[in-house]
Amino acid sequence: MDCRVQVEQHAVAWAVGSASHEEIDAIGIVNATRLAMTRAVCELTVQPDALVIDAVRLPELGLTQDVFYHADAISLSVASASILAKTARDSYMRILEEQLPGYGFAAHKGYGTVVHQAALAQLGVSWAHRRSYAPIIRLTS
């Protein structure tokens, strides 16, 4: 059984939030990260009294928050949330691979690898690419 399934089966509550590439372009990556995290917390079937979070605060939630860098190394809840977020992202990248063959999304998961840069140079910028990402800006200017 993989880690994602274990988290889903044993967690009191879990949810995954996301932000679109349009939202990231409009509000920036950090604010989009906060938005996605806030969406996840709001989707929980059991609402928390407090949060332990990795790196960023979520002030709009009005909950007590302990924020640590590398919180996944000290909190099982944060590590579990990281697993859910990563596997959801990987799943989305596999869907993009089907919709946009040739970019290698399933392999590089959207990170700016050499292979990704080569695909962008060959195929151009797709509808799924963030327009605010520096390599995309260079290709579209």
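Everything numeric in this text was worked out from a predicted model, so none of it was measured. (Residues numbered from 1 in each chain as written. Predicted model: local features only at pLDDT ≥ 70, side-chain atom pairs only at ≥ 80, totals over all residues. Heavy atoms only, no water.)

Overview of the overall build of the protein chain
1) Next: Broken down by element type, the protein chain carries 7 helices and 2 strands.
2) Next: Along the first, second and third principal axes, the C-alpha atoms of the protein chain reach 50 × 35 × 25 Å.
3) Next: Looking at the 141 residues of the protein chain, the share that counts as buried comes to 27%.
4) Next: Across the protein chain, contacts joining residues at least 24 apart in sequence account for 30% of those joining residues at least 6 apart.
5) Next: Accessible surface for the protein chain amounts to roughly 8800 Å². Of this, 58% is attributable to carbon and sulfur atoms.
6) Next: Looking at charge distribution, the protein chain has the averaged site of its 11 positive side-chain charges lying 7 Å from that of its 14 negative ones. (Helix = DSSP H or I, 4+ residues; strand = E, 2+ residues; numbered from the N terminus. Buried < 20%, exposed > 50% of the residue type's maximum accessible area, 1.4 Å probe, protein only. Contact = heavy atoms within 4.5 Å. Areas by Shrake-Rupley, 256 points an atom, 1.4 Å probe, with all protein chains shown as cover. Lys, Arg positive; Asp, Glu negative; His and termini not counted. Charge placed at Lys NZ, Arg CZ, Asp CG, Glu CD.)

So, the pattern of salt bridges
1) Next: Taken as a whole and assessed by the stated rule, the structure comprises 3 salt bridges.
2) Next: In this structure, the salt-bridge partner of glutamate 8 is arginine 4, at a minimum N-O distance of 2.9 Å. Taken together, the residues glutamate 8 and arginine 4, both in helix H1 (residues 3-10) and 4 residues apart, mark about one turn of the helix.
3) Next: What makes arginine 4 partly exposed here is its relative accessible area of 30%.
4) Next: With a closest N to O distance of 2.6 Å, arginine 39 and glutamate 23 form a salt bridge. A residue pair is termed long-range when its members are at least 10 positions apart, and arginine 39 in helix H3 (residues 29-43) and glutamate 23 in helix H2 (residues 21-27) qualify at 16 residues. (Salt bridge = Lys/Arg side-chain N within 4 Å of Asp/Glu carboxyl O.)

Examining the nonpolar core
1) Next: Among the nonpolar cores identified, the biggest contains 9 residues, and these are Met93, Leu96, Leu100, Tyr103, Phe105, Ala119, Leu120, Ala128 and Ile136.
2) Next: Look past the residues within four positions of methionine 93 in its chain and what remains in contact with it is Phe105, Ala106, Lys109 and Gly110.
3) Next: Core analysis: the next-biggest nonpolar cluster, separate from the first, contains 8 residues, Leu51, Val56, Leu58 and Leu61 among them. (Core = buried A, V, L, I, M, F, W, Y, C linked by side-chain atoms within 4.5 Å.)

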